[in-house]
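# Architecture and fold: a report
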Amino acid sequence: MTVRQFIARPASALRHHVQAWAGIAVVAAMAPLHASCVDEASLTTLATPDAAVSRGAAQRLVAEALSRSAAVGAARSSADAALHDTDEARAARRLQLSATAGFGPAAVRSDGSASTTSTTLAQARAGLSLSQLIADGGRTDRVIDWRDRLAEAARLGWIGSQEQVTLNTLSLALDRSRYLQQAEVYAQYVRQMGCLVGSLEQIVAVDRGRLSELVQARKSMSQAELSQEQAASQGRQAELKLRRMAGDALPDSNALLGLLLQVPELGPLQTEVTRSTEIAQLDAQAEAARQLARSVEASLKPQFSWNVAANANAAAGGNAGSNRGGSLSGGLSVSIPLISPGAGAAADAARKRADAAQQARDEVLEQRQSRLADLHEQARAAMDRARRVAAVLGDSNRVRDFTLLQWQQLGRRSLFDVMAAEAEHYNLRIAEVNARHDGQQMNALLLSLGRGLRAWLH
């Protein structure tokens, strides 16, 4: 277009050109502001702390949760009670000493060449008895074994409760870390969109034709603010639950970023599952039921024991006058059950319980092996996804820079392209946070199915 043609255009067209060039001038003037916005949110990933530092933070958190857990305390008391039950069973083979005493009227009849009956109005009686079991067909030994296996099951239950508290604590801590990091990413997104809105407000002040772009940018910023508040709320909820478990001394929200980043090998985990606390507890319960069945069977056998007894009495009043007497006896005793209708049923019931416990153990083991394989694949996929997303983030950051630059200075991109690039970039960052935390939590579950998280932490 020549200068003469340009001057000859209508006044409305001239105003349009002036406004357009003014808008371009304003956009060019805003370029440094846009560049600072990009620099402010250019961080794509958070620095990962050292694995040893993260493990130390997890150890302190778990130790506090275990010390505060009522469930762990109850399981410990049950384990101690089971040990006392075992001590009681063992005491049946030791010396038994008992004392008796009595006071009251008495009548004694003696038969002989001259049958006589003597009565006393008040007689004091006292006695001591000492005895010990010699043999009972193995019944006491089987009862001891039964109680001992129950005590072992209770001890393993206590360890299992500690493992459950450990897993719950770490899962809550990772949830808290996940949501707080999401809130941080969304906060950067809000700042980025806020900077863009501020620039557009200055542009619209010169060129009202750009008002729709401003409305769109404000809408995107409001959506980012909504996502930020939602993530922050979820983080506060997870933190409240964690405080109830572990107290107020919580680690920094990023302290666990270096924890459980490596997926354990599947082969060793499958071997560890057979030696896990839960499987060992089921084994102990099945063996306890078998020992109980044997003790019931042994109760039908003869029992041998020895005893020594000493008795003394003093009487006054009645036709016996006032006299004192005493006796001393000792010997061996045997007890032979002749008819015990319920013993067979009791033994059968105990054997059935043992079979049921063994079958339950096999079923749990099979389920854990299947779950282990599924979780291992999910954990591997989550960690691989986190690594891939982190690798893409660098390219995403460059794309958003180029898109913004082309929109600002060259006019080759629309605002919608800019906002799409920003949304894609921050969605990738959220995806990386989620994938990493998914992998960490699945790794924790994998370890809990095997040797346990507490063993791994220490």
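Our subject in this report is the structure included herewith. Numbering of residues starts from 1 in each chain and follows the order in which that chain's sequence is written. Thresholds applied to this predicted model are a pLDDT of at least 70 for local features of residues and 80 or more for the giving and counting of side-chain atom pairs; totals over whole chains, interfaces and linings are not thresholded and use all residues. Working from all heavy atoms in the structure, the side-chain values ignore hydrogens and water.

### Section: the overall build of the chain
Stated precisely, the cut-off is as follows: Labels follow the DSSP assignment, with helices taken as runs of H or I lasting at least four residues and strands as runs of E lasting at least two, numbered in each case from the N terminus. Accessibility here uses a 1.4 Å probe with only protein chains present; expressed as a share of the type maximum, an area under 20% marks a residue as buried, one over 50% as exposed, and anything in between as partly exposed. Residues count as neighbours in contact if any of their non-hydrogen atoms are within 4.5 Å of one another. Values of accessible area rely on a 1.4 Å probe in the Shrake-Rupley scheme; residue burial ignores everything except the protein chains shown.
Looking only at helices and strands, one finds eleven helices and four strands in the chain. Counting across all 458 residues of the chain, residues that qualify as buried make up 38%. A fraction of 84% describes how many contacts in the chain between residues 6 or more apart in sequence connect residues 24 or more apart. Only carbon and sulfur atoms are counted for the fraction: they give 55% of the accessible area of the chain, which is about 24600 Å².

### Examining the side chain of E163
Convention followed: His is not counted, nor are the chain ends, whereas Lys and Arg count as positive and Asp and Glu as negative. Put simply, a salt bridge is a Lys or Arg side-chain nitrogen that is within 4 Å of an Asp or Glu carboxyl oxygen.
Among the secondary structure elements, E163 is positioned in helix α5 (residues 139–206). The side chain of E163 sits in the buried core without any salt bridge; R454 is the nearest counter-charge, 5.8 Å away. Discounting residues that sit within four places of it in the chain, E163 has contacts with S448, G452, L453 and R454.

### Some points on the pattern of salt bridges
Applying the stated rule across the entire model yields 26 salt bridges. With a shortest N-O distance of 2.8 Å, D438 and R178 are connected by a salt bridge. Taken together, the residues span a long stretch of sequence, with D438 in helix α10 (residues 415–449) and R178 in helix α5 at a distance of 260 residues. On the basis of relative accessibility, which here comes to 24%, the residue D438 falls in the partly exposed class. With a shortest N-O distance of 2.9 Å, R400 and E422 are connected by a salt bridge. Of the two residues, R400 sits in helix α9 (residues 341–410) while E422 sits in helix α10, which places them 22 residues apart along the sequence. Residue R400 is classed as buried on the basis of its relative accessible area, which comes to 1%.

### Topic: the packing of aromatic side chains
Within a pair of aromatic rings, the relevant descriptors are the distance that separates the centres and the angle that separates the planes. To be explicit about the condition: In this scheme Phe, Tyr and Trp rings, the latter by its six-membered ring, pair at centre separations within 6.5 Å, and the angle between planes marks the pair as stacked below 30 degrees, edge-to-face above 60, and tilted otherwise. In this scheme, the term charge over a ring applies when either NZ of a lysine or CZ of an arginine sits within 6 Å of the ring centre and within 35 degrees of the ring normal.
On inspection of all chains with the given rule, the structure shows one aromatic pair. Pairing Y189 with Y426 gives two aromatic rings, centres 4.7 Å apart and planes at 20°, and the pair type is stacked. Separated by 237 residues along the polypeptide, Y189 in helix α5 and Y426 in helix α10 bring together distant segments of the chain. Considered together, Y189 and Y426 belong to a single accessibility category, that of buried residues. Lying across the ring of W456, R55 places its NZ or CZ 4.0 Å from the centre. Over the ring of W158 we find R76; its NZ or CZ atom is 4.6 Å from the centre of that ring.

### With respect to the side chain of S448
The line we're drawing: We define a polar contact as two N or O atoms separated by no more than 3.5 Å, with the added condition that, inside protein, one atom must be a possible hydrogen donor and the other a possible acceptor, whereas residues neighbouring each other in sequence contribute only through side-chain atom pairs.
Here S448 lies in helix α10. A distance of 2.7 Å separates the side chain of S448 from the backbone oxygen of L445, its partner in a polar contact.

### As for unusual backbone geometry
Its identity is not glycine, yet L260 carries a phi of approximately 55°, on the positive side. Among the structural elements, L260 can be located in the loop between α6 (211–246) and α7 (266–273).

### Structural notes on the nonpolar core
Quick reminder of the rule: Nine residue types can take part in a nonpolar core, namely buried Ala, Val, Leu, Ile, Met, Phe, Trp, Tyr and Cys, and a core is a set of them joined through side-chain atoms within 4.5 Å.
In this structure, L170, L256 and L259 are the most contacted members of the largest nonpolar core, which totals 25 residues. Of all the secondary structure elements, the ones that give two or more residues to this core are α3 (51–68), α5, α6, α10 and α11 (453–457). Residues V185, L214, A232 and Y426 belong to the second largest nonpolar core, which totals 24 residues.

### Topic: a nonpolar patch on the surface
Selection rule: Think of a patch as exposed residues, more than 30% relative accessible area, with no salt bridge, where like charges cluster within 9 Å and nonpolar side chains (Val, Leu, Ile, Met, Phe, Trp, Tyr) cluster within 5 Å.
Nonpolar side chains collect at one region of the surface, where I134, F304, L332, V334, I336, L338 and I339 lie side by side and expose about 820 Å² of accessible area between them. Examined against the element boundaries, I339 turns out to sit in the loop between β4 (323–335) and α9. I339 gets classed as exposed once you look at its relative accessible area, which sits at 76%.

### Side note on the environment of R387
If you trace the backbone, R387 turns up in helix α9. For R387 and E432, which are 45 residues apart along the polypeptide, the C-alpha to C-alpha distance reads 7.8 Å.

### As for the environment of G450
Residue placement: G450 occurs in the loop between α10 and α11. For the pair G450 and P268, spaced 182 residues apart in the sequence, the C-alpha separation amounts to 8.8 Å. Excluding residues within four positions of it along the chain, G450 makes contact with E272, V273 and S276.

### Quick word on α6
Stated precisely, the cut-off is as follows: Working rule for helices: expected span equals 1.5 Å times residues minus one.
Between the first and last C-alpha of α6 there are 52 Å, a value that for 36 residues agrees with the 52 Å anticipated at 1.5 Å per step. Just downstream of α6, G247 is the residue with a positive phi angle, here 85°.

### Describing the packing of α5 against helix α8 (residues 277–298)
The description of two packed helices rests on the angle between their axes and on the distance between the axes. Stated formally: Comment: axis = line fitted to C-alpha atoms, over the contacting stretch for helices; angle = value between 0 and 180 degrees taken between N-to-C directions. When an angle is under 35 degrees it counts as roughly parallel; over 145 it counts as roughly antiparallel; between 65 and 115 it counts as roughly perpendicular; any other value is oblique. In this scheme the handedness of a crossing depends on how the near helix is turned from the far one: anticlockwise by less than a right angle means left-handed, clockwise means right-handed.
As a packed pair, α5 and α8 sit with axes 8 Å apart at the nearest point and diverge in direction by 165°. It follows that α5 is roughly antiparallel to α8 by the angle criterion. Between α5 and α8 the crossing geometry is left-handed.

### Here we look at the packing of α5 against α6
Basically, it comes down to this: In this classification, the charged set is Asp, Glu, Lys and Arg, the nonpolar set is Ala, Val, Leu, Ile, Met, Phe, Trp, Tyr, Cys and Pro, and all remaining amino acids, among them Gly, are polar.
One can describe the packing of α5 onto α6 by two numbers: an axis separation of 7 Å at closest approach and a directional angle of 160°. On the basis of their axis angle, the class for α5 and α6 is roughly antiparallel. Note on packing geometry: the crossing formed by α5 with α6 is left-handed. Grouping the amino acids of the contact of α5 with α6 by side-chain chemistry returns 24 nonpolar, nine polar and eight charged.

So far we have only geometry, and geometry alone does not tell us how the molecule works.
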